[in-house]
Amino acid sequence: MKFIKNHLMFILPLMAILLGVEFYLVFDRTTDSYEQGLKDGYSMLVVTQKPVSLEKLQSLNKHVSSSVKIKRETIVKEIAKGVSESSTQEILTSLPHFYTVRLDAYIATSELDEIKENLESDTAIKSVETFGSSYSSSYRLFSFIKLSLKIFIGFMGLVSLLLIIKQMEIWRFTHLQRMQVMEIFGAPLMLRSGILFRVAIIDALLATLFTSIFFVYIKFVWATHSGIDIMRQNQDELFRISDIMMLLLVALVIVIIAVTTVVWTSKGVEE
Amino acid sequence: MSNVISASHLTLAYEHGENEIIKDATFNIKKGEFVFITGPSGSGKSTLLKSLYGQIKANEGSLVVGGLDLATAKQKKLQELRTHMGIIFQDYKLVNEWTVAKNVVLPLMIAGYSVDVQNTQASRLLKHVKLEKHADKFPLELSGGEQQRVGVARALAKNPVVILADEPTGNLDDYSSNVIWDLMENACQQLETTVLVVTHKIPSVFSLPYRHFIIENKGVYEVH
């Protein structure tokens, strides 16, 4: 019982950190595709006095990725119903040029204002409509969700780290006597700390295994039956084989740092 | 015969040299000698012993053990030197989560002997200290005297060049004390092991010739 308790006291906080890491990876992947959707669905309207090329717009701001000219004839056809041909022609010649401009990334509202400013600095451009308010609310909601998750993961990581430090103190207490006796009799550092490294590496492997099983369950069982569209659409992003390597690497790095710290602070015989 | 331990103007101190325990001590101990170091409580007997296995560094002077100058020795050399020493403590310093047999063969384990050799040696040594029936027990299941006999068996496991003993019979009954003195006498006599014992009192029945140093007022003096 004591043996299981000792292992769980390290495995559980380590698992919490690994869950945080995996949640971050999964969230990053799923939000990437969502972010792509938001970016693709957004465009701004640029009104110019004379025709402008894409290169010209890109020279004004590097975020401009494409521009599509809106046919003025279509606009005139819509607004000048029942108007004579000559009047229609007159409207057409006096009408400015309209462009739908898309960007290369889903950027912050402040950057959107900067793009507007850059484009309007050119005398050929009469005005720029960024549709900032709807963009801003989507962006803020998206940023808020991202930030909340990061804070949650960070907090979970911090609490877990404190638990690991606590466990390090327990390790130091339980392994100190053996390590010091071995040191007196001339055992090299690796032999003295070998047992502790073995115990900790086993814990790291178990924590990685349990975390992976949890995410495999989420991917293949929970996501399928959840009825949540975004989960089903992004099922492939939920857990990848390569994530196991990442989790194992994180677990081993934590374990090696923790054990090395314990071993170094246990050097020298206390009386 | 060559010196196994050689101290020259040795000064040992704690608190960055401010609290001097031993001052300007000079003495030599040869191979196969049995040495008692006595002195009042707090005189620095245990400090001197710790300096001999490199636990405390000399503040001044030199201390050479087994040809190694402990003041300048690297950690690896110090570790190697310790594998040729048998150290016995008043508080036994056994590993409580290990069996008696495993505790006894610790020096062999460190030296990389095979498990078979370790097992054979464990049986022989435990028979030697009359604890063969307790091989699979844990130290805390034994009496103080029995634990100290395990400590002595461990110290003898690799036929050390030097045995350093800090109050080895301090808390023990007469039977256990006699067993321990016999074991150390035998090691000294038969294997020419140098034995250095820190104690309050030299045992009344002791058959071997020995040297006696006393620590007084920070000095180490030989009693003739």
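Residues numbered from 1 in each chain as written. Chains lettered and ligands numbered in written order. Predicted model: local features only at pLDDT ≥ 70, side-chain atom pairs only at ≥ 80, totals over all residues.

Further remarks concern the overall build of chain A. Within chain A, the secondary structure is distributed over ten helices and four strands. Secondary structure of chain A in N-to-C order comes out as α-β-α-β-α-α-β-α-β-α-α-α-α-α. Across the 271 residues of chain A, 22% fall into the buried class. When contacts within chain A are restricted to residue pairs at least 6 apart in sequence, those whose partners lie at least 24 apart make up 80%. (Helix = DSSP H or I, 4+ residues; strand = E, 2+ residues; numbered from the N terminus. Buried ≥ 20, exposed ≤ 12 C-beta atoms within 10 Å, placed from the backbone. Contact = placed C-beta atoms within 7 Å.)

With that settled, the discussion passes to the packing of helix 1 (residues 2-40) of chain A against helix 10 (residues 241-265) of chain A. All names here are of chain A. Where helix 1 contacts helix 10, the two axes come as close as 10 Å, and the packing angle between them is 140°. Looking at the two axes, helix 1 sits oblique to helix 10. Crossing of helix 1 against helix 10: the hand is right-handed. Touching Leu-14, Ile-17, Leu-18, Val-21, Glu-22 and Leu-25 of helix 1 are Asp-243, Met-246, Leu-247, Val-250, Ala-251 and Ile-254, all from helix 10. (Axes fitted to C-alpha atoms, helices over the stretch in contact; angles between N-to-C directions. Parallel < 35°, antiparallel > 145°, perpendicular 65-115°, else oblique. Left-handed = near helix turned anticlockwise from the far one by under 90°.)

Once that is clear, we can look at the sheet that holds strand 9 (residues 211-216) of chain B. What holds strands together in a sheet is hydrogen bonding between their backbones, with the strands either parallel or antiparallel. All names here are of chain B. If you walk across this open sheet you meet the six strands as 6-7-8-3-9-10, and the pairing is mixed. The two strands at the open ends of the sheet, each matched to only one other strand, are strand 6 (85-88) and strand 10 (219-223). The mean inter-strand angle of the sheet, taken between neighbouring strand axes irrespective of direction, is 20°. As judged from the four bridges shared by strand 3 (residues 34-38) and strand 8 (residues 194-198), these two strands associate in the parallel manner. Bridge pairing in strand 8 places Phe-34 opposite Val-195. (Pairing = 2+ DSSP bridges.)

Quick look at the confidence of the model for chain A now. Per-chain confidence: chain A averages 84 in pLDDT, with 97% of residues scoring 70 or above. When pLDDT is averaged over each helix and strand of chain A, the minimum, 71, is found for helix 8 (residues 229-233) of chain A and the maximum, 91, for helix 10 of chain A. (pLDDT = per-residue confidence, 0-100.)

Now for the interface of chain A and chain B. Listed by partner, the interface residues are eleven residues for chain A and 14 residues for chain B. Tallying contributions element by element places helix 6 (residues 132-184) of chain A first for the side of chain A that touches chain B, with five residues.

Attention now moves to the nonpolar core. Core analysis: the biggest nonpolar cluster contains 69 residues, and Val104(B), Leu126(B), Ala153(B), Ile163(B) and Leu164(B) have the highest contact counts within it. Not counting residues up to four positions away in its chain, the partners in contact with Val104(B) are Ala122(B), Leu125(B), Leu126(B), Val150(B), Ala153(B), Arg154(B) and Ala157(B). Of all hydrophobic cores here, the second largest spans 22 residues; its members include Leu19(A), Leu196(A), Ile254(A) and Val262(A). (Core = buried A, V, L, I, M, F, W, Y, C linked by C-beta atoms within 7 Å.)

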